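Now for the letters of each chain:
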Amino acid sequence: MKYLAGGPWVVMAAIFACALGTVGCGEKTDPPGDGGGEVAEVDLDGSSLYQAQCAMCHGVTGDGNGIVVMDRPARSFKKGAFSFGNTPEALFRTISNGIGGTPMPGFKEVLSEAQCRILADYVIELGPEPITVQPGQSEYRVVDKPLVIRGGLPPIADGMAPVTRGLLVGGADGLTFEYNTKPLVLLGVRQGGFVDRKDWGGRGGAELQPLGVVSHLVDGGGSSFMWAIFVASNTADPWMPWMANLGATTVSDGIAWVEYKWTGTDVNGSAGLPPQIRESAQAITVAGWPGYRRTFEAPGDSAFGFMQLAQLHVSKVTVVAVGKAGRLLRRNGDDALPTYFLEHTATSDNNVSTLWVDTLYGLKPTEENLRGLKELVQ
Ligand code: HEC
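Residues numbered from 1 in each chain as written. Predicted model: local features only at pLDDT ≥ 70, side-chain atom pairs only at ≥ 80, totals over all residues. Heavy atoms only, no water.

*Asks:* Describe the environment of E343, listing the residues and the values that go with them.
*Replies:* Considering the arrangement of structural elements, one finds E343 in strand β18 (residues 339-347). Of the residues examined, E343 reaches a relative accessible area of 7% and is grouped as buried. Spatially, the C-alpha atom of E343 lies 9.7 Å from that of V322, the residues being 21 residues apart in sequence. In terms of polar contacts, E343 uses its side chain to reach the side chain of R330, at 2.9 Å. (Helix = DSSP H or I, 4+ residues; strand = E, 2+ residues; numbered from the N terminus. Buried < 20%, exposed > 50% of the residue type's maximum accessible area, 1.4 Å probe, protein only. Polar contact = N/O pair within 3.5 Å; in protein donor to acceptor, adjacent residues only side chain to side chain.)

*Asks:* So what's going on with the pairing of strand β11 (residues 244-252)? Residues and values would help.
*Replies:* Both β11 and strand β12 (residues 255-262) contribute to a ladder of seven bridges, which runs antiparallel. Note that in β12 the partner of L246 across the bridge is Y260. The loop that links β11 with its antiparallel partner β12 comprises two residues; one of these, D253, has a positive phi angle of about 50°. (Pairing = 2+ DSSP bridges.)

*Asks:* Describe the pattern of salt bridges, naming the residues involved and giving the relevant values.
*Replies:* Taken as a whole, this structure holds eight salt bridges when the rule is applied. As a salt-bridge pair, R294 and E279 come within 2.5 Å of each other at their nearest N and O atoms. One end of the pair, R294, is in strand β14 (residues 289-299); the other, E279, is in strand β13 (residues 277-286), with 15 residues separating them in the sequence. Here R294 matches E279 in class, with each residue buried. Taken together, the salt bridges that share partners define one network made up of E89, E113 and R117. (Salt bridge = Lys/Arg side-chain N within 4 Å of Asp/Glu carboxyl O.)

*Asks:* Give a description of the sheet that holds strand β2 (residues 147-153) that names residues and reports values.
*Replies:* If you walk across this open sheet you meet the five strands as β2-β3-β4-β5-β8, and the pairing is antiparallel. Each of the sheet's edge strands pairs with one partner strand only, and the pair in question is β2 and β8 (213-217). Between one strand and the next, the sheet's axes are offset by a mean angle of 30°, whatever the strand orientation. As defined by bridge partners, strand β5 (residues 184-191) adjoins β8 across four bridges and the pair is classed as antiparallel. Paired with R190 across the strands is V214, a residue of β8. (Axes fitted to C-alpha atoms, helices over the stretch in contact; angles between N-to-C directions.)

*Asks:* Pulling in residues and values, what's your account of the coordination of the iron atom of the ligand?
*Replies:* Around the iron atom of the ligand, the donor atoms from the protein are H58 (NE2) and M104 (SD), and they sit 2.0 to 2.1 Å away. Taken together, the six donor atoms surrounding the iron atom of the ligand define angles of 87 to 178° at the centre, an arrangement classified as octahedral. Here H58 is found in helix α3 (residues 55-58), whereas its partner M104 is found in the loop between α4 (88-97) and α5 (113-126), with 46 residues between them in sequence. Neither H58 nor M104 differs from the other in exposure class; each is buried. (Donors = N, O, S within 2.8 Å, 3.2 Å for Na, K, Ca; no water. Tetrahedral: all angles 85-135°; square planar, octahedral: opposite > 155°, others 65-115°.)

*Asks:* Run through the pairing of β5, naming residues and quoting values.
*Replies:* Of all eight residues that make up β5, eight are buried, and the element is covered over most of its length. Here strand β4 (residues 175-181) hands over to β5 after two residues, the two strands then running antiparallel side by side.

*Asks:* Which residues make up the packing of aromatic side chains, and what values go with them?
*Replies:* Within this structure, the stated rule accounts for six aromatic pairs. Ring centres 5.6 Å apart and planes at 65° place the aromatic pair F177 and Y292 in the edge-to-face group. On the criterion of sequence distance, the pair formed by F177 in strand β4 and Y292 in strand β14 is long-range, its members being 115 residues apart. Comparing F177 with Y292 shows no difference in burial state: the two are buried. (Phe/Tyr/Trp six-rings, centres within 6.5 Å; stacked < 30°, edge-to-face > 60°.)

*Asks:* Lay out the site of the ligand in plain terms, naming residues and giving numbers.
*Replies:* Around the ligand, the structure places 24 residues, and the nearest of them are C54, C57, H58, F84 and M104. Contact distances for the ligand include 2.8 Å between a nitrogen atom and a side-chain N or O atom of H58. Looking at the shell around the ligand, the elements with two or more residues in it are α3, α4 and α5. Per element, the largest residue contribution to the shell around the ligand is three residues, and it comes from α4. Looking at the shell around the ligand, its residues break down into 17 nonpolar, five polar and two charged. (Near = heavy atom within 4 Å. Nonpolar A, V, L, I, M, F, W, Y, C, P; charged D, E, K, R; others polar.)

Spelled out as structure tokens, the structure:
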């Protein structure tokens, strides 16, 4: 697929740097010519951009009948009903980040921000007269930096229990990560609006109402995984599982971090607690697969001689490919539509150990679709 121009790791690195806010995002396709700012008209024409990038799936007229055959239909823009919001801003996010769990790719690596905004306007033009919905006064919206809210949450899926101590982390990329905080586990990911603070309505104790559509449930929404920490000082029994509650949450440089606070004590009674770990999560597209990345960081100079950190998935996962330098591709074999986990561990110059877990889903696991992922691991 053409999303990987420049080599997979260049893209991965760019995405990561982008997520860290160290490079400008969505600015790399400035057309040549008039040196920035004003650009050649043909590159910013909604209709020609649409025909080149979108028509194969959404149809030449926007009716949803493109030439690419998929498991699920692409959206008809003529009808104008959007699950993830119909405002120019919401459509811009959908086009930039794609829709996790579906074949709708994210375009932020192939199109500039200006081009994605023009396409958002063009998609609105294709549809019927838009109906503008005024957000309720208690609705919280993420504008330019992440928002973090704690409170009670309704069940994330049928058959699940409500969450007394919940946490919602809404990113500027339009994804909301929904956690239980005791123990701290990611329950699922939503896309669309952020949250309605019904708990402000005068009556105490009311739940937060997440507004986004659930695009991914971690282990069916009842996730209860633990962490495994490799303790270098004890190779005889190297993997020790730990549980954690929520520590602090911080937002800095446009990234929301959630800190794990370990519970219990070391079973060997000697080495103390594992190193401090914090997590941030954001939308990502890898080799054409939409999904999200969880980035975990731990100080590399901890007493543990921190080597590796891994999630023990509750569901049965099988390893698809093992690469050098801590790269691993796993597959969750339980679902009709399987989920892939691309894992990568690294230690950075500033003495921080990092684990990325990309959760990718939505495409059929044909050899062609999988090729890009397997290449990334090698
Ligand atoms: C590989 C096929 C494919 C391509 C290429 C593609 N889309 Fe999509 N798109 C989809 C599918 C499938 C869906 C429906 C996802 C779902 O089930 O919700 C979708 C959904 C959407 C939605 C609806 C989101 C909502 O709120 O419901 C928008 C907007 C959209 N695409 C815009 C675009 C634009 C603009 C382009 C070109 C820049 C594009 N798409 C290219 C497959 C594609």
